Amino acid sequence: MSNRLDALRVFCAAADAVNFRDAAVRLSVSPQVVTRAVRELEEELGEPLFHRSTRGVQLTDFGRQLASRAREAVGVVDALFHRADRRSLSQHAGTVRVTAPNVFGRRLIPQALAPVLASHPGLVLDLRLSEEHADVVDQQIDIGVRAGPVRDARFVARTVGKMALHVVGASALIERVGQPKAVQDLAALPLTALMDRSSGRPWPWFFGKGRQYVPSAPAFVTDDVDAECAAVVAGLGFGQLVGPLAEPLLRSGELVAVLAAEAPEPWPIHVYRSQRSPVPARVRLVYDELLRALR
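Just so we're clear, the structure is a prediction, and the values are computed from it rather than from any experiment.

Cut-offs used in this document
- Residues numbered from 1 in each chain as written.
- Predicted model: local features only at pLDDT ≥ 70, side-chain atom pairs only at ≥ 80, totals over all residues.
- Heavy atoms only, no water.
- Helix = DSSP H or I, 4+ residues; strand = E, 2+ residues; numbered from the N terminus.
- Contact = heavy atoms within 4.5 Å.
- Pairing = 2+ DSSP bridges.
- Axes fitted to C-alpha atoms, helices over the stretch in contact; angles between N-to-C directions.
- Salt bridge = Lys/Arg side-chain N within 4 Å of Asp/Glu carboxyl O.
- Buried < 20%, exposed > 50% of the residue type's maximum accessible area, 1.4 Å probe, protein only.
- Phe/Tyr/Trp six-rings, centres within 6.5 Å; stacked < 30°, edge-to-face > 60°.
- Lys NZ or Arg CZ within 6 Å of the ring centre and 35° of its normal.
- Core = buried A, V, L, I, M, F, W, Y, C linked by side-chain atoms within 4.5 Å.

Undergrad: So what about the side chain of D16? Which residues, and what values?
TA: The topology assignment puts D16 in the loop between α1 (4-15) and α2 (20-27). Discounting residues that sit within four places of it in the chain, D16 has contacts with R26, R71 and R97.

Undergrad: Describe the sheet that holds strand β13 (residues 256-258), with residues and values.
TA: Read across the open sheet, the 3 strands follow the order β12-β7-β13; overall the sheet is antiparallel. Among the strands making up the open sheet, the edge pair consists of β12 (239-242) and β13. With strand direction ignored, the average angle separating the axes of adjacent strands in the sheet is 55°. Sheet topology note: the strand β7 (residues 165-169)/β13 ladder contains 3 bridges and is antiparallel.

Undergrad: Tell me about the pattern of salt bridges, and name the residues and values.
TA: Overall, the coordinates contain 12 salt bridges when judged by the stated rule. Where R97 meets D126, a salt bridge forms, and the shortest distance between an N and an O atom there is 4.0 Å. Here the residue R97 occupies a position in strand β3 (residues 94-100), and D126 occupies one in strand β4 (residues 123-129), the gap between them amounting to 29 residues. For D126, a relative accessible area of 10% corresponds to the buried category.

Undergrad: Now, about the environment of G235: what can you tell me, with residues and values included?
TA: Of note, G235 is situated in the loop between α9 (225-233) and β12. Taking the C-alpha atoms as reference points, G235 and Q111, 124 residues apart in sequence, are found 31 Å from one another. Among residues more than four places away in sequence, those in contact with G235 are A170, L173 and R176.

Undergrad: Tell me what's going on with the packing of aromatic side chains, and back it up with residues and numbers.
TA: Per the counting criterion, the structure on display carries 4 aromatic pairs. With centroids separated by 5.2 Å and ring planes inclined at 85°, the aromatic side chains of F20 and F50 adopt a geometry described as edge-to-face. Taken together, the positions of F20 in helix α2 and F50 in strand β1 (residues 50-53) put the pair 30 residues apart, joining distant regions of the chain. Between W205 and Y213 the ring centres are 6.5 Å apart and the planes differ by 70°, which places this aromatic pair in the edge-to-face class. Of the residues examined, W205 reaches a relative accessible area of 3% and is grouped as buried. Following the ring pairs from residue to residue traces out a cluster consisting of F11, F20 and F50. Taking the ring centre of Y287 as reference, the NZ or CZ of R273 above it sits at 5.2 Å.

Undergrad: Outline the nonpolar core, listing residues and values.
TA: Ranked by internal contacts, the top residues of the largest apolar core, which has 35 residues, are F104, I143, V145, V271, V286 and L290. Sort the elements by how many residues they give to this core and helix α11 (residues 281-294) lands first, with 6 residues. Discounting residues that sit within four places of it in the chain, F104 has contacts with I109, V145, M163, P244, I269 and L294. Core analysis: the next-biggest nonpolar cluster, separate from the first, contains 23 residues, A13, A15, A17 and L59 among them.

Undergrad: Lay out the pairing of β1 with the relevant residues and their values.
TA: Pairing of β1 with strand β2 (residues 56-59), which is carried by 4 bridges, proceeds in the antiparallel orientation. What sits directly across from F50, in β2, is L59. Where β1 hands over to β2, the hairpin turn is made up of 2 residues, counted between the paired strands.

Below, the structure written as structure tokens:
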């Protein structure tokens, strides 16, 4: 590092990132530059700044204290070289990490947050798409969007709506093989299966009265909700799709609902964040905007 300020700037980016490679991408430098800057700071200060493991890096207690002071120091120096009022930037600058299912994250969330990001220079959205409930604390996630209950007391969760589940099929498929009259009829029909990436097993289909059904011999298997939807539209099999995917296709007539009487209660949609306090202004800004957009 050419000077201590550069080293602190790199350290701040590393402190806000999941790992050093992520920090390097944000700074447009090589991961080696980040590693070297952190190592030099650790040697100069005589304290480790990060716990390192195969899962990534996490700040030590000393690293957290230094990160707080370093952000303030770097912010003061940066403000000296900008004539514009930096109050808004310093308040909201930084990365907000959001996790959401693919059905919300691919289009809706980027579109909803685009005006906020455009009007707050320095605010960065880090959006991670997954069908899993992320561990907000361990994965350093600031905000989560999920369908289904959020019972973890570490989270502040707000319900913003409901999402139905529909078993659907293409008209051509129904003409060819008929349609199920009861849940047990599914075993004799071509089905699609959405894989749980963490377990390697298909997600179950959900029905009323707490019943579940797992496709045992699916005709089409994928780990992507959009690919599953495309397969159902193409007539490869019946599938259970979430409302945001199924309902436009039901209205257009591309898909037909079956087993409607067996449908489960719609799932609540939650926006949640960690209980940790104080809540950074940038996190509260994005959290409030997501509540508004998803209602």
